[in-house]
Amino acid sequence: MPLMKSEHPRRPFALAVVILTLLILAWLPAAWWLSGSLTRSEAQRNVDDIRGRRVEMLKLQTSGFADRWRYLTTSPEIIANSPAVLRALAMPTHEHVNEANHYLDMLIERTIGDTIWVISTEGRIVLASDADKPTTLVGRTLHDQPFFRDVLKGQSGQFFGHGLYTGQPGFYFSVPIRVGSDIVGVAAIKVRIDTLDALFGDPSILISDQMGVVVMSKVRGLLWHTLPGAQAISPSLQTLRYGKASLEPIGLTPASSPLLPAGLFHKAGSETPYLFLSQRDGSTARLTLHMLLPLPELNRLPAQQRFYFALIGGSGALALALVTLLLTYLRHIKRLGRQLADANHELQRQADSDFLTGCANRRKFERMLEAELARSHRYGNALAVAIIDIDFFKRINDSYGHPVGDAGLMHLVRTVSAAIREGDLLGRIGGEEFALMLPQTSEQDADTVLQRLRAVFEAGGFTAGEQRIGFTVSIGYAAAAEADGIESLLQRADAALYAAKQGGRNRVCFGAAPAAAAQPNA
Ligand SMILES: Nc1nc2c(ncn2[C@@H]2O[C@H](COP(=O)(O)OP(=O)(O)OP(=O)(O)O)[C@@H](O)[C@H]2O)c(=O)[nH]1
């Protein structure tokens, strides 16, 4: 029997690699999903944070703008009731006109407006905040402009349009100037889109009018474009109000990427997600402030997901590898331990066995006899020991050769082993000398067993090649006495064997104990 089982040492690790590969294949999709949801929730947190801050900012901008707008819209009423203006209209002397122009100049400074005009009922500008400037429109006629024509008919309020002479777009606020029930003129104030632009430092802010058209944006590409949800405007009205026959939509579509938080937009032609916020104040009911903020950092979400995947997937795979290898290693160590124990057991068996016949050798036989003799002394059990020796064995060796002699020895072991009980033990204690231990066996029982054995050898034989070879055995035995150690017991059996040989061989002799020694359970 080989000392170690010939298991290939790499096999458990090959199995571990297969298991690990399967585990990693199952783990990777889970890690990808995990990294996606981690990226998404982190992006959601960031966007919520930005949205919260930007909404506050937009509210502040809107309320600041609304204050200025309110003052702008109430200015025409102040002008219409100004004594200086009324005086200049009633009595347009050089002095009254100068005084009124000076007043209008002071007033415009306090608003975000660009120009104040007082227009006569014929539509001619008679007073202006910029009357002393070369670019002034004093003396020009505005009778076709809605902010004059409609106001003269009794309407008043806010108008959007393009300057008749400058072509510049802007908002006009105008009211009729009354003396008693008569309309004696129109007070108007204009604020240019450019001026509104300059009010806002933030390029992400834009303003739309009540039609949903962008009327103020620092980003030129957005100006005069329509926002999502804008009203349909007829081409004629578009030309009249905005000086354009067609208005393009701004091109915002809701962004739908699995990694992006909800509520973001894409602008046509750009991959960058945008945050779009709107804020309206009651006093600027016809204007809405918006914030269109690009969030380029969100373009990195796929890269971030890949990074998390590398991190989560990699560390998970590493942990799986370590656990799998550790478990495999522990299993391997356990298996090696088992193999070592088996090998030790086998070594012990071989150390205790006779190399030729496989029965117990002298060392083992004496150890077992020692233990059995101690048991016999402790419990008073009977114990018999016999020594069996082949008669004229030398002749077999000499006649047929040593290998045939060996076969004879093996025949003896086979024959004796088949004839004895399970608790009995046969050991080879010399060249062709065997000892037989018979526990729980009295002298008489031993005699019976040994006589039968002797007879079996006498009648039987073994085959070597073509030959049938027989031999007889001589047996000497002794029964354990109280004072016996294994030496004295074996000595008596040996002396009995000697007697059997002397007595003519092929016989069984008993080696009685000295008279003083009592024999248990004889
Ligand atoms: N084939 C073989 N022969 C062995 C072995 N061990 C001892 N012998 C032989 O056993 C023989 C013992 O011879 P002797 O002691 O003269 O005894 P015997 O020929 O059996 O004669 P008696 O015992 O007096 O009947 C010797 O020739 C040994 O060489 C062994 O392992 N194999």
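Anything mentioned here points back to the structure above.
Values in this document were obtained by computation on a predicted structure and should not be read as measured data. (Residues numbered from 1 in each chain as written. Predicted model: local features only at pLDDT ≥ 70, side-chain atom pairs only at ≥ 80, totals over all residues. Heavy atoms only, no water.)

A.B. asks: Could you give an account of the nonpolar core, with specific residues and numbers?
C.D. replies: Counting residues in each nonpolar core, the largest one holds 64 residues, and the members touching the most others are W69, F171, L196, V215, W224 and Y242. Looking at which element gives the most residues to this core, the answer is helix α1 (residues 11–80), with nine residues. In contact with Y242, not counting residues within four places along its chain, are F160, H162, D209, M211, V213, V215, W224, I233, L237 and L247. In this structure, C359, F434, L438 and I469 belong to the second largest nonpolar core, which totals 29 residues. (Core = buried A, V, L, I, M, F, W, Y, C linked by side-chain atoms within 4.5 Å. Buried < 20%, exposed > 50% of the residue type's maximum accessible area, 1.4 Å probe, protein only. Helix = DSSP H or I, 4+ residues; strand = E, 2+ residues; numbered from the N terminus. Contact = heavy atoms within 4.5 Å.)

A.B. asks: With reference to specific residues and values, describe the packing of helix α2 (residues 83–90) against helix α3 (residues 94–109).
C.D. replies: Direction vectors running N to C along α2 and α3 enclose 145°, while the axes themselves pass 8 Å from each other. In this structure, the crossing between α2 and α3 has a hand that is left-handed. Seen from α2, the contacting residues are A84, V85, R87 and A88; seen from α3, they are H96, V97, E99, A100, Y103 and L104. Along the lines of polarity and charge, the residues of the contact of α2 with α3 split into seven nonpolar, one polar and two charged. (Axes fitted to C-alpha atoms, helices over the stretch in contact; angles between N-to-C directions. Left-handed = near helix turned anticlockwise from the far one by under 90°. Nonpolar A, V, L, I, M, F, W, Y, C, P; charged D, E, K, R; others polar.)

A.B. asks: Talk me through the site of the ligand; I want residue IDs and the actual numbers.
C.D. replies: Taken together, 16 residues sit near the ligand, with F392, F393, N397, D406 and R428 positioned nearest. One nitrogen or oxygen atom from the side chain of E432 is found 3.4 Å from an oxygen atom belonging to the ligand. In the environment of the ligand, an oxygen atom lies 3.0 Å from a nitrogen or oxygen atom belonging to the side chain of K501. Notes on the ligand: free accessible area 660 Å², of which the protein chains cover 68%. Elements with a contribution of two residues or more to the shell around the ligand: β13 (383–390), α9 (393–400) and α10 (402–419). Take the shell around the ligand: its biggest share by element is four residues, from α10. A class-by-class count of the residues in the shell around the ligand yields four nonpolar, four polar and eight charged. (Near = heavy atom within 4 Å. Polar contact = N/O pair within 3.5 Å; in protein donor to acceptor, adjacent residues only side chain to side chain. Areas by Shrake-Rupley, 256 points an atom, 1.4 Å probe, with all protein chains shown as cover.)

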